[in-house]
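# Chains, contacts and geometry: an overview
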Amino acid sequence: PPDGSPFCSVEPALNHTSVRLLCSWPGGFPSPSLRWTGDLIPSGQQQVTKEQQTDPMSSNILLPSGGLTPNSSLFTCYGSHPSLKQQRECSIHTYTPPAEPVCFANATDDKQFLILSCFWGGGIPRALLWWKGPGGQGKDGEESSNVLIVRYSTFQFGKPYICYAKHPLLVQTKTCGLTLVPVSKPSLLLRDTSPVEGATVGMQCNVDNGTEPIKYGWQREIQRGNITTFAQGSNSSIITMTNINRSLTGRYRCVGSNFINTESSDWVFYDIIFGPDVPRIDVTPYSITDRGYSALETEPVSLSCQAQSNPASHYIWFYNNSQVFTGPQYTIAKTLRVHTGDYTCLAQNSHLNTRSRKTISLIVYCEWDV
């Protein structure tokens, strides 16, 4: 007897308009008899065919073409042999893929080639796939041509590339397509270009065109030429920063990228408003005692005030609570004993309408006539 049981398979025929059933059962003497059963198999083809005469251990049946074979049909091949009491059998289903064709694309790491792929799996027999692109780019009707590789420099962006999918059980050819578009130059939108220190701020990266998915990145330049990436690889075009501080003042831009290309927006300056901090007062000439700063009568004294602030602070000087000067530096050209007292620097931030102050004591020493 022949070994085991018959083996069933199915293949496309007549340019993918029909299917051919194949049943084989090698070995045995004499050769086994093979018989196909199924609603669509003509009675005259259930037994030995002309093809069987050239290969006595197989039986091939060509099913009706033009979509006349129903989806999900079951066919069984029975094999018998004089040395076996019972028949042996094998069965096979023919059915179309359960879903629709899917197209997707990728690029090589060096951006030299774009790879277009088409998938329509799950059917028996396997579907025929091929690509057609503008300018004759594609593989028309070739087996196993579900992948199309196009050099980046010759790819026609913005024009459709179509994948055609043909299955022997269907009359109509299905399609899926790709129209690839590089990422356009993004624009960075700041909800507030002059936020206050401690606030929560948001940035939005707007990309008008580009094949999805688009990834977003965010870059900051604190010092000229010193660029750092503080966020990248996000699918969201919006980023939020909480409790910002003055150290984040600088230029910002966003980066949009897909598998085709990468583009950066123009730089936008983030001017963080803060202050004024508590002022610092420097006295020249510098002389200090346990009672405060000191100076000798008739010598000049300069009081300098500085308070960190954005925008820059506006300064007002007070002597014993009376305003005496406006500006960062108050100079007494000839110090007299009447200049002894408390000096206060008031720093004001006109944008925030905030202020801070610091007071020092100045003692003027004089020489007594003897």
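What counts, and where the lines are drawn
Residues numbered from 1 in each chain as written. Predicted model: local features only at pLDDT ≥ 70, side-chain atom pairs only at ≥ 80, totals over all residues. Heavy atoms only, no water. Pairing = 2+ DSSP bridges. Helix = DSSP H or I, 4+ residues; strand = E, 2+ residues; numbered from the N terminus. Axes fitted to C-alpha atoms, helices over the stretch in contact; angles between N-to-C directions. UniProt positions renumbered as here; feature names shortened; annotations may be inferred. Buried < 20%, exposed > 50% of the residue type's maximum accessible area, 1.4 Å probe, protein only. Phe/Tyr/Trp six-rings, centres within 6.5 Å; stacked < 30°, edge-to-face > 60°. Salt bridge = Lys/Arg side-chain N within 4 Å of Asp/Glu carboxyl O. Disulfide = S-S within 2.5 Å.

### Focus: the sheet that holds strand β5 (residues 73-80)
With respect to topology, three strands assemble into an open sheet ordered β3-β5-β6, the strand pairing being antiparallel. In the strand order of this sheet, the two ends are held by β3 (33-37) and β6 (88-94), each with one partner. Across this sheet, the average inter-strand angle for adjacent strands is 20 degrees, counted without regard to direction.

### What to know about the UniProt feature "domain: Ig-like" (unreviewed entry) in the protein chain
Under the local residue numbering, the UniProt record ascribes the feature "domain: Ig-like" (unreviewed entry) to residues 2-91, 186-265 and 279-361. Spanning residues 186-265, this segment combines 0% helix with 54% strand, and its end C-alpha atoms are found 5 Å apart. In the segment residues 279-361, helix accounts for 0% and strand for 60%; the C-alpha atoms at its two ends are 15 Å apart.

### What to know about the environment of Gln-223
Structurally, Gln-223 is set in strand β15 (residues 215-223). In this structure Gln-223 comes out as exposed when scored by relative accessible area, which is 55%. As for Gln-223 and Ser-309, which are separated by 86 residues in sequence, their C-alpha atoms are 19 Å apart.

### Description of the environment of Asn-15
Looking at the element boundaries, Asn-15 is found in the loop between β1 (7-13) and β2 (18-24). On the basis of relative accessibility, which here comes to 62%, the residue Asn-15 falls in the exposed class. Each C-alpha atom of the pair Asn-15 and Met-203 lies 56 Å from the other, and the pair is 188 residues apart in sequence.

### Some thoughts on the packing of aromatic side chains
Centre distance and the angle of the planes are the two values used to describe a pair of aromatic rings. One pass over the full model with this rule turns up eleven aromatic pairs. Both rings, one in Phe-155 and one in Tyr-161, keep their centres 4.3 Å apart while their planes meet at 15 degrees; by these two values the pair is stacked. For the pair Phe-155 and Tyr-161, one class covers both residues: buried. Members of the aromatic cluster, joined through ring pairs, are Trp-317, Tyr-319, Phe-325, Tyr-330 and Tyr-343.

### Considerations on the pattern of salt bridges
A complete count under the given rule lists eight salt bridges for this structure. Ionic pairing is found between Arg-20 and Glu-11, a salt bridge with its closest N-O pair at 3.2 Å. Glu-221 is paired through a salt bridge with Arg-251; the nearest N and O atoms lie 2.6 Å apart. In this pair, Glu-221 is assigned in strand β15 and Arg-251 in strand β18 (residues 250-257), connecting sequence segments 30 residues apart. For Glu-221, a relative accessible area of 6% puts it in the buried group.

### So, the sheet that holds strand β13 (residues 187-190)
The strand order across the open sheet built from three strands is β13-β14-β17, with neighbouring strands paired in antiparallel fashion. Looking at which strands have only one partner, the edges of the open sheet turn out to be β13 and β17 (238-241). For this sheet the average axis-to-axis angle between neighbouring strands, irrespective of direction, equals 20 degrees. In this sheet, strand β14 (residues 201-206) lies alongside β13 in antiparallel orientation, the contact comprising four bridges. Bridge pairing links Leu-190 to Met-203 in β14.

### Focus on the state of the cysteines
As enumerated under the stated definition, the model contains six disulfides in all. Through a disulfide, Cys-8 is tied to Cys-90; the S-S separation comes to 1.9 Å. The sign of the 75 degrees torsion about the S-S bond sets the Cys-8-Cys-90 disulfide as right-handed. With Cys-8 in strand β1 and Cys-90 in strand β6, this residue pair connects regions lying 82 residues apart in the sequence. For the pair shown, Cys-8 and Cys-90 are each scored as buried. A sulfur-sulfur distance of 1.9 Å marks the disulfide that ties Cys-103 to Cys-176. Measuring handedness by torsion sign, the sulfur bridge of Cys-103 and Cys-176 sits at about 80 degrees and is right-handed. On the criterion of sequence distance, the pair formed by Cys-103 in strand β7 (residues 102-107) and Cys-176 in strand β12 (residues 174-178) is long-range, its members being 73 residues apart. Across the pair, Cys-176 and Cys-103 agree in class, each one buried.

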